[in-house]
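Examining the three-dimensional arrangement
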Amino acid sequence: MSEVSITPLVDGPLEVSGACRVNASDGTEIRSADKVYLCRCGASEKKPFCDGSHKKIGFVSNVEA
Ligand code: FES
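Along each chain, the written sequence defines residue order, and numbers are assigned to residues from 1. With the structure being a predicted model, the display of local features is reserved for residues of pLDDT at least 70 and the display and counting of side-chain atom pairs for 80 or more, all residues being used for whole-chain, interface and lining totals. As a rule here, side-chain values cover all heavy atoms of the structure and leave hydrogens and water aside.

1. Re the side chain of serine 17
- For serine 17, the location among the structural elements is in strand 2 (residues 14-23).
- The buried category is assigned to serine 17, whose relative accessible area is 17%.
- Ignoring any residue separated from it by four or fewer positions in sequence, one finds serine 17 in contact with Glu3, Val4, Ser5, Asp34 and Lys35. Helical segments are the DSSP runs of H or I of at least four residues, strand segments are the runs of E of at least two, and each set is numbered from the N terminus. Any residue under 20% of the maximum accessible area for its type is buried, any over 50% is exposed, and the rest in between are partly exposed; the area is computed with a 1.4 Å probe on protein chains only. Residues are treated as being in contact if the distance between any of their heavy atoms lies within 4.5 Å.

2. Digging into the nonpolar core
- Among buried residues, those of type Ala, Val, Leu, Ile, Met, Phe, Trp, Tyr and Cys that are joined through side-chain atoms within 4.5 Å constitute a nonpolar core. Judged by nonpolar contacts, Val16, Cys20, Val22, Val36 and Phe49 together constitute the single largest core of five residues.
- When residues no more than four places from it in sequence are discounted, the contact partners of valine 22 are Thr28, Glu29, Ile30, Arg31, Val36, Pro48 and Phe49.

3. A closer look at the side chain of histidine 54
- The topology assignment puts histidine 54 in helix 1 (residues 53-57).
- The residues contacting histidine 54, other than those within four sequence positions of it, are Asp11, Gly12, Pro13, Cys41 and Phe59.

4. Looking at unusual backbone geometry
- Residue proline 48 is bonded to the preceding lysine 47 through a cis peptide linkage, with omega at 10 degrees.
- Looking at the secondary structure, you find proline 48 in the loop between strand 3 (29-38) and helix 1.
- Of note in the backbone geometry, aspartate 11 takes a positive phi value of approximately 55 degrees without being a glycine.
- Looking at where aspartate 11 falls in the secondary structure, it is placed in the loop between strand 1 (5-8) and strand 2.

5. So, empty space enclosed by the protein
- Detection works on a 1 Å grid of protein atoms alone, calling trapped sets that fit a 1.4 Å probe cavities and calling open sets with protein on both sides within 12 Å along at least five of seven lines pockets, with lining residues defined by an atom within 4 Å of a point. Grid points are joined across faces, edges and corners, and a volume is the space filled by probe spheres set on the points. The final tally for this structure, using the stated rule, is one cavity of 30 Å³ or more.
- Roughly 40 Å³ of internal volume is contained in the largest cavity.
- Lining the largest cavity are Gly12, Pro13, Cys39, Arg40, Cys41, Ser44, Cys50, Asp51 and His54.
- Side-chain classes are defined by residue name, with Ala, Val, Leu, Ile, Met, Phe, Trp, Tyr, Cys and Pro counting as nonpolar, Asp, Glu, Lys and Arg as charged, and the others, Gly among them, as polar. Of the residues assigned to the lining of the largest cavity, the class counts are four nonpolar, three polar and two charged.

6. Focus: the sheet that holds strand 2
- Only when DSSP finds a minimum of two bridges between them are two strands counted as paired. Strand order in the open sheet formed by three strands is 1-2-3, and the pairing between neighbours is antiparallel. The open sheet has two free edges, formed respectively by strand 1 and strand 3, since each of these has just one partner strand. Within the sheet, the average angular offset between the axes of one strand and its neighbour, ignoring direction, is 30 degrees.
- Both strand 2 and strand 3 contribute to a ladder of eight bridges, which runs antiparallel. Within strand 3, the position partnered with leucine 14 by the bridge is leucine 38. What counts as an axis is a line fitted to C-alpha atoms, over the stretch in contact for a helix, and the angles between N-to-C directions run from 0 to 180 degrees.

If you want it as structure tokens, here you go:
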């Protein structure tokens, strides 16, 4: 059985580690990988994935990782 962990990175994305599949709202698979970074700042041009925009906007998280 594979295990997936989700870690909020300080002032950055959610790091998802472990074999996982990200699906669109219609259920279509958009990525399958062992590690993905999901945007939580809202500024990414490649949502739901992080594209580094959190650095440009100075995103500050409220959750300590
Ligand atoms: S968290 Fe990186 S672009 Fe939003």
